[in-house]
Amino acid sequence: RGLSPFSPDGRHLLASRGEAGDPAKDKAVVLDARTGKEWLVLEDSREWAGGGFSPDGRRIVAALLTEGREGREAQRTGVAAWDARTGKRERAYPG
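Residues numbered from 1 in each chain as written. Predicted model: local features only at pLDDT ≥ 70, side-chain atom pairs only at ≥ 80, totals over all residues. Heavy atoms only, no water.

Undergrad: Quick question: what am I supposed to make of the pattern of salt bridges here?
TA: Pairing between side chains becomes possible if they bear opposite charge and their charged atoms approach one another. The final tally for this structure, using the stated rule, is 3 salt bridges. With a closest N to O distance of 3.5 Å, Arg 17 and Glu 38 form a salt bridge. Of the two residues, Arg 17 sits in strand 1 (residues 12–19) while Glu 38 sits in strand 3 (residues 38–41), which places them 21 residues apart along the sequence. A relative accessible area of 33% means that Arg 17 is categorised as partly exposed. (Salt bridge = Lys/Arg side-chain N within 4 Å of Asp/Glu carboxyl O. Helix = DSSP H or I, 4+ residues; strand = E, 2+ residues; numbered from the N terminus. Buried < 20%, exposed > 50% of the residue type's maximum accessible area, 1.4 Å probe, protein only.)

Below you can see the structure in the form of structure tokens.
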């Protein structure tokens, strides 16, 4: 099984929140899947590039990006893992 943006129990959904036109203010959040209300913000998640919950629901894993330079697109540069209950970043692995 791969990663899913939904928690294994279906109660939470991993999403991105930010301000239109300002990617520097994007952040990874976990929403209540039923109400859409923000349940948790992942710490140090501005550079995330999508991901999902681990199959056991204990972690959230996502690719990391670096900003593009001199007109180049952002590049994936590693992977990070967060605790799915607290939102604290546990690990980051360079790519």
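Undergrad: Where do I start with the nonpolar core in this structure?
TA: Where a protein is soluble and globular, its nonpolar side chains tend to be buried together. One finds Leu 14, Val 30, Leu 42, Trp 48, Phe 53, Ile 60 and Trp 82 to be the most contacted residues of the largest nonpolar core, which totals 13 residues. For this core, the elements supplying multiple residues, two or more each, are strand 2 (22–32), strand 4 (48–53), strand 5 (59–66) and strand 6 (75–83). Sorting elements by how many residues they give to this core places strand 5 first, with 3 residues. Those residues in contact with Trp 48, other than ones at most four positions away along the chain, are Leu 14, Ala 15, Ser 16, Lys 27, Ala 28, Ala 62, Ala 63, Leu 65 and Trp 82. (Core = buried A, V, L, I, M, F, W, Y, C linked by side-chain atoms within 4.5 Å. Contact = heavy atoms within 4.5 Å.)

Undergrad: Help me understand the confidence of the model for the protein in this model?
TA: For residues with low pLDDT, the predicted coordinates do not support detailed interpretation. Here the protein averages 83 in pLDDT, while 79% of its residues score no lower than 70. Between the elements of the protein, mean pLDDT differs from a low of 78, seen in strand 2, to a high of 93, seen in strand 3. (pLDDT = per-residue confidence, 0-100.)

Undergrad: Could you clarify how one ought to interpret the side chain of Ser 54 in this entry?
TA: Structurally, the position occupied by Ser 54 is in the loop between strand 4 and strand 5. Only 2.6 Å separates the side chain of Ser 54 from the side chain of Asp 56, close enough to count as a polar contact. A distance of 3.4 Å separates a polar side-chain atom of Ser 54 from the backbone nitrogen of Arg 58. With residues near it in sequence (within four places) discarded, Ser 54 still touches Leu 3, Pro 8 and Arg 59. (Polar contact = N/O pair within 3.5 Å; in protein donor to acceptor, adjacent residues only side chain to side chain.)

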